[in-house]
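# Structural overview for review
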Amino acid sequence: MSLVDVTRDVQLAWTVAQALPDKEVALRDRLRTHISVLAAPAEAYARSLPAGGHQHVLLRDIHRAQTAAAEGPGPTPPGEYLIQLAEHVKTLARYAIAERRRHPEQRT
């Protein structure tokens, strides 16, 4: 998974949510996969920070993203749920990129 793929899916989520509801299920599943893949490096980055407020906020963001992906939309309209997932993906991608920058030798 590349940052380009993640960015494309985040943008596509906005488009689908607004205009193409019949594509919602496939995109929802891809966004959930992104959350699943990005959570580990995002958490590694968060845990590398000094314990306290900022670390707590990042860990809370990661937990919320994982919960949203696992629990599904519930009463939230599908388009709104896609937007929520897209925002979570964007957040986790930022944290994962920060983690990758901490360990450039691990790039493949």
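On a predicted model such as this, the values are computed, not experimentally measured, just so you know. (Residues numbered from 1 in each chain as written. Predicted model: local features only at pLDDT ≥ 70, side-chain atom pairs only at ≥ 80, totals over all residues. Heavy atoms only, no water.)

### Points about helix α2 (residues 24–48)
Taking 1.5 Å per residue, 25 residues should reach 36 Å; α2 reaches 35 Å between its end C-alpha atoms and fits that length. Along α2, the sharpest kink reaches roughly 40°, centred on Ala-39 and followed within four residues by the proline Pro-41. Within α2, burial applies to Glu-24, Leu-27, Arg-28, Leu-31, His-34, Ile-35, Leu-38, Ala-39, Ala-42, Tyr-45 and Ala-46. (Helix = DSSP H or I, 4+ residues; strand = E, 2+ residues; numbered from the N terminus. Expected span 1.5 Å × (residues − 1). Bend = angle between axes of the 7 residues up to and from the residue. Buried < 20%, exposed > 50% of the residue type's maximum accessible area, 1.4 Å probe, protein only.)

### Looking at the environment of Val-4
Mapped onto the secondary structure, Val-4 falls in helix α1 (residues 3–19). In this structure Val-4 comes out as exposed when scored by relative accessible area, which is 63%. On a C-alpha basis, the gap between Val-4 and Asp-61 in space is 22 Å, while along the polypeptide they are 57 residues apart.

### Some thoughts on the pattern of salt bridges
Taken as a whole, this structure holds 8 salt bridges when the rule is applied. With a closest N to O distance of 2.8 Å, Arg-30 and Asp-9 form a salt bridge. On the criterion of sequence distance, the pair formed by Arg-30 in helix α2 and Asp-9 in helix α1 is long-range, its members being 21 residues apart. With relative accessibility at 33%, the residue Arg-30 sits in the partly exposed group. (Salt bridge = Lys/Arg side-chain N within 4 Å of Asp/Glu carboxyl O.)

### Details of the packing of α2 against helix α3 (residues 53–71)
Two numbers describe how α2 lies on α3: the axes approach to 10 Å, and their chain directions differ by 165°. If you check the angle between α2 and α3, you find them roughly antiparallel. In the packing of α2 onto α3, the handedness of the crossing is left-handed. In this structure, α2 contributes Arg-32, Ile-35, Ala-39, Ala-42, Glu-43, Tyr-45, Ala-46 and Arg-47 to the contact, and α3 contributes Gln-55, Leu-58, Leu-59, Ile-62, Ala-65, Gln-66 and Ala-69. Residues of the contact of α2 with α3, tallied by class, amount to 10 nonpolar, 2 polar and 3 charged. (Axes fitted to C-alpha atoms, helices over the stretch in contact; angles between N-to-C directions. Parallel < 35°, antiparallel > 145°, perpendicular 65-115°, else oblique. Left-handed = near helix turned anticlockwise from the far one by under 90°. Contact = heavy atoms within 4.5 Å. Nonpolar A, V, L, I, M, F, W, Y, C, P; charged D, E, K, R; others polar.)

### Topic: the nonpolar core
Counting 29 residues, the largest nonpolar core has Ile-62 and Leu-92 as the members making the most contacts within it. Looking at this core, the elements that each hand over two or more residues are α1, α2, α3 and α4 (78–102). The element contributing the most residues to this core is α4, with 10 residues. Not counting residues within four places of it along the chain, the set of residues in contact with Leu-92 comprises Ile-35, Leu-38, Ala-39, Ala-42, Ile-62 and Ala-65. (Core = buried A, V, L, I, M, F, W, Y, C linked by side-chain atoms within 4.5 Å.)

### Examining the confidence of the model for the protein chain
Averaged over every residue, the pLDDT of the protein chain is 88; residues scoring 70 or more account for 92%. Model confidence for the protein chain, summarised as mean pLDDT per element, is weakest for α1 at 79 and strongest for α3 at 96. (pLDDT = per-residue confidence, 0-100.)

### As for the environment of Ala-93
The residue Ala-93 is located in helix α4 in this model. For Ala-93, a relative accessible area of 7% puts it in the buried group. Expressed as a C-alpha distance, the spacing of Ala-93 and Asp-5, which sit 88 residues apart in the sequence, is 11 Å. If sequence neighbours within four positions are ignored, Ala-93 has contacts with Leu-3, Val-6 and Leu-38.

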